[in-house]
Structures are given as C-alpha cells and as structure tokens.
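Fold and geometry: a report
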Amino acid sequence: MGVQKRRVYCTCNFPDGLSTPVLNTKLCENNDPRVEPIHQRFCGTVCSTNTWRKRVWTSCSALCGPGFQRRQVTCQLVTKISTTTVSDYDCLSTLGGSKPSTIRCCLGKCKIVPGPWSACNISCGCGHQIRSLTCIHILAGSRKQTVDVTHCENDPTRDHDLPLSMQQCEKRCYFWKSQAGDECSQTTGSEFKDRDVLCMRQGCDGVNQLDKNDCRSALSLTATKNTTRENPTFVRRCDCQNLTYVSGEW
C-alpha cells in the first residue's frame, strides 16, 4: 500500500477575492473552527512486486567425484503486508529472462588415508602384512567425515592408484644344518667321527646355503639361551664299545 502527501498552509482571504499565505498557522487555528486538513494519506492501490525466491543448494549427491546439487526456486508476489507463492509465469512475464537454475554440477572431495602396517604374519621365511585404508570425505569449512572406502575406490576423478592394503614381508632366519659324518675309523675304541656343518638362510627366495661366517655374524646378534652362537662341532667321539647284532625281516 502506498502513501500520498500534500502541502497544507494557512491563507488570509481579502474582500477582493485575493489571498496570501500566512506564515503563522496559529491564526488559522484561532479563526477557523475546522480541524487542520491532513498532510498525507494511504493510497487505495496496493503496491506489489514479483521476485524469484531461491533456497539453499542441497549437498552434493556424490561423496567422492562428480555429482549434482538441487535447490527450490519459486515465484513470489511480495507486498507490504504479505508474500504469496504464485505461478512461475508471473515472474517470467514481469521480470523477463529465464527462471534461475534449480540443478548444478558439483564435485565431492575425498582422500584416502592408509593406516600403519601390521607385523609380518610369520617368524621365518616369506609372509605378508596388512594395513587398513580409510576414505575421508572433505566437507565445507574443512570439516571431515569418514565414509566407506568404496567411495574412494569408485571415484573416477582419482588420478593415482589406491595405496596397497597388503604387501609381502620377509623374515630372514639363519641356522646350522648338519650332514651325516664319516664312519668311525675303528669298530672299537675312542676315535673321532667327522661331519659337515652348513650355514643356511631361509627367506622369500627359499632356503640357501651361505658362508659359515654369515651364520656366525647373524646368530651372534639374535642368540638366546636356546640358540647356538657358533657353528656346531665338526667332529664327535665314536663310542663303539657295545656291539650287538640287528636282524632284519625275512
């Protein structure tokens, strides 16, 4: 609703029909019993305008990668006393142009964070170790949200391979391997019997024979009360004092 205004002033009327404004309005108040006319009044016509009301965009439909956002756009008839939703045609016809977009593209931001590796699953030889992968969705204001890792896996905008969640690990172990020795030089008495002792290492490349110094060095660092630091003896005493017959099957 609008407002109309007008000027109201006091005049002095002469007998010859002429009049002149009087600066002191008190004279009119004293000589004219009528109430001073109003200076303004409301218009009888309601003032209104059309406008597009645009609500906020929704969250991106994709947590990771390309998606879309939607919003509600309505035509509003606005007056000083009310706001009413009207047909889109009312805004199009009065405002011109086109209706503001109600959908747009967006890109969900994610990153994958690997956890620490577990211990190797074996104590000797070739095994494996695992770690967890966490997919982090980056929200507005640098806020973060943990989501299922498949969202990161299926992100078409990812420009690098996902970190490994399992890898091979190796626990090399060294040990002595004894071979059968020579026969005793006598059937009785206390002679010595020779034997060959090998240095062996087990790892992802299998079991391999090494130089004896490799075992001496490795076992001296990891020796316990049940581990032989030095290589076993190469000879042992023959004790052939108790002889007996052993019969096989017919």
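Scroll up for the structure.
Before going into details, it helps to say that this report is about the structure given with it. (Residues numbered from 1 in each chain as written. Predicted model: local features only at pLDDT ≥ 70, side-chain atom pairs only at ≥ 80, totals over all residues. Heavy atoms only, no water.)

1. A short note on the state of the cysteines
Between two cysteines, a covalent bond joining their sulfur atoms is known as a disulfide. With the rule as written, the count across this model stands at eight disulfides. Note that C60 is cross-linked by a disulfide to C106, the S-S spacing being 2.0 Å. When the S-S torsion is 85°, as for the bridge of C60 with C106, the disulfide is right-handed. Here C106 lies in strand β9 (residues 103–114) and C60 lies in the loop between β5 (48–54) and β6 (65–70), a separation of 46 residues in the sequence. At a sulfur-sulfur separation of 1.9 Å, the disulfide partner of C120 is C169. One quick way to see it: the torsion about the S-S bond of C120 and C169 is about 80°, and its sign makes the bridge right-handed. Of the two residues, C120 is situated in the loop between β9 and β10 (125–130) and C169 in strand β13 (residues 166–171); the sequence distance between them amounts to 49 residues. Neither residue differs from the other here; C120 and C169 are each classed as buried. Left without a disulfide partner, C105 is nearest to the cysteine sulfur of C106, which lies 7.4 Å away. (Disulfide = S-S within 2.5 Å. Helix = DSSP H or I, 4+ residues; strand = E, 2+ residues; numbered from the N terminus. Buried < 20%, exposed > 50% of the residue type's maximum accessible area, 1.4 Å probe, protein only.)

2. A few points about the sheet that holds β6
What the four strands build is an open sheet, ordered β6-β9-β11-β12; its pairing is antiparallel. At either end of the open sheet lies a strand with only one pairing partner, and these are β6 and β12 (144–147). Across the sheet, the axes of successive neighbouring strands diverge by a mean angle of 40°, strand direction being ignored. In the sheet, strand β11 (residues 133–138) pairs with β12 via four bridges, with the strands oriented antiparallel. (Pairing = 2+ DSSP bridges. Axes fitted to C-alpha atoms, helices over the stretch in contact; angles between N-to-C directions.)

3. Examining the side chain of R201
Relative to the helices and strands, R201 is located in strand β16 (residues 197–203). Sequence-distant contacts of R201, defined by excluding residues within four places in its chain, comprise R172, C173, Y174, G206, V207, N208 and L210. (Contact = heavy atoms within 4.5 Å.)

4. Notes on the sheet that holds strand β8 (residues 83–86)
Taken in spatial order, the three strands make up an open sheet running β5-β7-β8, and their pairing is antiparallel. The strands lining the two open edges of the sheet, one partner per strand, are β5 and β8. Neighbour-to-neighbour, the strand axes of this sheet turn through a mean angle of 35°, independent of strand direction. Contacting β5, β7 (73–79) and β8, helix α2 (residues 88–95) runs over the sheet at an angle of about 115° to β5.

5. Observations concerning the pattern of salt bridges
For the structure on display, the rule yields three salt bridges. The salt bridge partner of D88 is K99, with a shortest N-O separation of 2.8 Å. Here D88, found in helix α2, pairs with K99, found in the loop between α2 and β9; they are eleven residues apart in sequence, far enough to count as distant. Here R201 ties to D205 by a salt bridge, and the two come within 3.4 Å at their closest N and O atoms. (Salt bridge = Lys/Arg side-chain N within 4 Å of Asp/Glu carboxyl O.)

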